[in-house]
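Take a look at the letters that make up each chain.
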Amino acid sequence: MEQSYYLQSVIDSIPEEALYGSLFKYFEQSRKTQIGFIDQTIMSEPLPDEASEFMEMPAGSPSLLIRDESYLANGELLAFSKQYYNYQQAKLFMIKKVH
């Protein structure tokens, strides 16, 4: 389960059709922004109530949590998110995009 927040001062609106692909690609192509880097922190955390219902797991179950902050090439914060994963089914692979 993912919860993402985009700064309205940078991205004023996101059309529904952009939600079915890469938002970063949409931002770079239509909004003329350039994504610079993403800071990510991976940790374990008890599953909160709102994620437990979605994931069909008991609240407080172990989970993996990835928190990230996405920045534009000029260093301005674009977005931040929290992504919860079932620790029993998690397989993580990361690649960083560098311009």
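Criteria and cut-off values
- Residues numbered from 1 in each chain as written.
- Predicted model: local features only at pLDDT ≥ 70, side-chain atom pairs only at ≥ 80, totals over all residues.
- Heavy atoms only, no water.
- Helix = DSSP H or I, 4+ residues; strand = E, 2+ residues; numbered from the N terminus.
- Buried < 20%, exposed > 50% of the residue type's maximum accessible area, 1.4 Å probe, protein only.
- Contact = heavy atoms within 4.5 Å.
- Areas by Shrake-Rupley, 256 points an atom, 1.4 Å probe, with all protein chains shown as cover.
- Lys, Arg positive; Asp, Glu negative; His and termini not counted.
- Charge placed at Lys NZ, Arg CZ, Asp CG, Glu CD.
- Core = buried A, V, L, I, M, F, W, Y, C linked by side-chain atoms within 4.5 Å.
- Patch = residues over 30% accessible without salt bridge, like charges linked within 9 Å, V, L, I, M, F, W, Y side chains within 5 Å.
- Salt bridge = Lys/Arg side-chain N within 4 Å of Asp/Glu carboxyl O.
- Pairing = 2+ DSSP bridges.
- Axes fitted to C-alpha atoms, helices over the stretch in contact; angles between N-to-C directions.

Right, let's talk about the overall build of the protein chain for a bit. In terms of helices and strands, the protein chain carries two helices and four strands. Walking the protein chain from its N terminus toward its C terminus, one meets helices and strands in the order β-α-β-α-β-β. Each of the three principal axes of the protein chain carries a C-alpha extent, and together these read 40 × 25 × 20 Å. Classification of the 99 residues of the protein chain by burial places 29% in the buried group. Considering only intrachain contacts with a sequence separation of at least 6, the fraction spanning at least 24 residues in the protein chain is 55%. In the form shown here, the protein chain has an accessible surface area of approximately 6900 Å², with 52% of it arising from carbon and sulfur atoms. Computing the positive centroid from 8 side-chain charges and the negative centroid from 14, the protein chain places the two 10 Å apart.

Now for the nonpolar core. Among the nonpolar cores identified, the biggest contains nine residues, and these are Ile11, Ala18, Leu23, Tyr26, Phe27, Ile35, Leu72, Leu78 and Ala79. Every element with two or more residues in this core is listed here: helix 1 (23-30) and strand 4 (77-86). It is helix 1 that contributes the most residues to this core, three residues altogether. Those residues within four positions of Ala79 in sequence are excluded, and the remaining contacts are Tyr5, Tyr6, Asp68, Glu69 and Ser70. By size, the runner-up hydrophobic cluster in this structure holds six residues, among which are Leu47, Met55, Leu65 and Tyr84.

As a further point, take a nonpolar patch on the surface. A surface patch of nonpolar side chains, about 240 Å² in accessible area, is lined by Ile42, Leu92 and Met94. You can call Met94 partly exposed: its relative accessible area is 38%.

Quick look at the sheet that holds strand 1 (residues 2-6) now. Read from one edge to the other, the open sheet built from four strands follows the order 1-4-3-2, with strand pairing classed as antiparallel. Both edges of this open sheet fall to strand 1 and strand 2 (35-46), since each of them pairs with a single strand only. Geometrically, the sheet is characterised by an average inter-axis angle of 10° between neighbouring strands, direction not taken into account. Taken together, the five bridges between strand 1 and strand 4 define a ladder with antiparallel strand orientation. Across the sheet, Ser4 pairs through a bridge with Ser81, a residue of strand 4.

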